[in-house]
Amino acid sequence: MKFGVIGTNWITESFIAAAKEVNGFSLSAVYSRTEETAKEFAEKNGAEHTFTDLEKMGTSDVIDAVYIASPNSFHAEYAITLMNHGKHVICEKPMASNAREVERMIAVAKENNVLLMEAMRSTVTPNFKSIQENLHKIGTVRRYFANSCQYSSRYDKYKEGTILNAFKPEFSNGSMMDIGIYCLYPMVVLFGEPEDIKANAYLLESGVDGEGSILLNYGDKEAVVMYSKITNSYVPSEIQGENGSILIDHIQDMTKIEIRYRDGRTENITVKQDKPKMYYEAKEFIELIERGELESKVNSHANSLAVMKIMDEARRQVGLVYPADLI
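Thresholds applied
- Residues numbered from 1 in each chain as written.
- Predicted model: local features only at pLDDT ≥ 70, side-chain atom pairs only at ≥ 80, totals over all residues.
- Heavy atoms only, no water.
- Helix = DSSP H or I, 4+ residues; strand = E, 2+ residues; numbered from the N terminus.
- Rg over C-alpha atoms; globule rule 2.2 N^0.38 Å.
- Buried < 20%, exposed > 50% of the residue type's maximum accessible area, 1.4 Å probe, protein only.
- Areas by Shrake-Rupley, 256 points an atom, 1.4 Å probe, with all protein chains shown as cover.
- Lys, Arg positive; Asp, Glu negative; His and termini not counted.
- Charge placed at Lys NZ, Arg CZ, Asp CG, Glu CD.
- Pairing = 2+ DSSP bridges.
- Axes fitted to C-alpha atoms, helices over the stretch in contact; angles between N-to-C directions.
- Contact = heavy atoms within 4.5 Å.

By the naming in an unreviewed UniProt entry, the protein goes by Dehydrogenase and is assigned to Fictibacillus halophilus.

## Some thoughts on the overall build of the protein
Regarding its fold elements, the protein presents 10 helices and 14 strands. Relative to the 2.2 N^0.38 estimate, which gives 20 Å for 327 residues, the radius of gyration of the protein is 20 Å and therefore close to what a compact globule would have. Dimensions along the principal axes, computed over C-alpha positions, put the protein at roughly 60 × 45 × 35 Å. Counting over 327 residues, the protein shows a buried share of 56%. As presented, the protein carries roughly 14,200 Å² of accessible surface, and 46% of it is formed by carbon and sulfur atoms. For the protein, the separation between the mean place of its 36 positive charges and that of its 47 negative charges on side chains is 3 Å.

## Concerning the sheet that holds strand S1 (residues 2-6)
Strands belonging to one sheet form pairs held by backbone hydrogen bonds; the direction of such a pair is parallel or antiparallel. Strand order in this open sheet of six strands is S3-S2-S1-S4-S5-S6, and the pairing throughout is parallel. Each having just a single partner strand, strand S3 (49-51) and strand S6 (116-119) make up the two edges of the open sheet. Along the sheet, successive strands turn relative to each other by an average axial angle of 25°, direction set aside. Pairing of S1 with strand S2 (residues 26-31), which is carried by five bridges, proceeds in the parallel orientation. Residue pairing for S2: Val5 is matched across the bridge by Val30. Along the sheet face, helix H2 (residues 35-45) touches S1, S2 and S3 and points at about 155° away from the line of S3.

## Remarks on the pairing of strand S10 (residues 222-228)
Strand direction decides the pairing type here: strand S7 (residues 141-149) and S10, joined by seven bridges, are parallel. Across the sheet, Asn147 pairs through a bridge with Met226, a residue of S10. For strand S9 (residues 209-217) and S10, the ladder comprises seven bridges, and the chain directions are antiparallel. Bridge pairing links Leu215 to Val224 in S10. Between the end of S9 and the start of S10, which pair antiparallel, lie four residues, with Gly219 showing a positive phi angle near 85°.

Written as structure tokens, this is what we have:
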């Protein structure tokens, strides 16, 4: 499988390193807006071809699929262009700036019979599958609590007066889009769309959210989601049932999963997960293409759209508007 990559950053390097462990992966091309950057990244990572023109990349026969890790605001445009040229796309989370863009991306994927998948790594890991398989053991679920608070090194720069991409609304960034989505995506995969949501956030002067929380109502259960790029948290995430709770060490990585039953028993349901963090999403994507399938059952179009609709509504409630919303 000949891959092209868009985005010459550490995330792309992490994906390449992980994907190289998947049978069938071959890095063929790098796209960047500048030739110098593209060539430097290609040479460093062993890619033969470089592009600075997206249309030329799309029409080229040196790639079959593309991993997109550009700023969020470019995801939809880049993915649509490439899918219209018959390329399969794995798009870094969040898939786009808003639900309208996601709907368009899904439509274009179907029109061109190509695979479109959001690169949400946690939900395709062995330990998330273990959660799904063992969820019945805790009885009727009454609460889902997910917590992702990670102080960003870029916030120090922000406080010094330098606003980097992570805190710029023109790139559709902020804490919910960057790490809050790690809390929301597993919730939607497990329980579907909520009936109602209530959102709060602290908005930075740059126009994005530094931290926030969302309360989601499912009728017979509730979900509480917390996220931040301006504080740290050391509290695990948890799914509470009437017979016990499933504890998740880190919602992004899910490296240790344990059930604590109401009667005092504990059960370690962690399974072997010794590959690089992004290996499992690359494996899922490549194997889907090899099987001729055009959608992941876990990171599905419906799940990606549902998560984006939740984030759209949360942003509406807290008054967070991106330039992409106004187009």
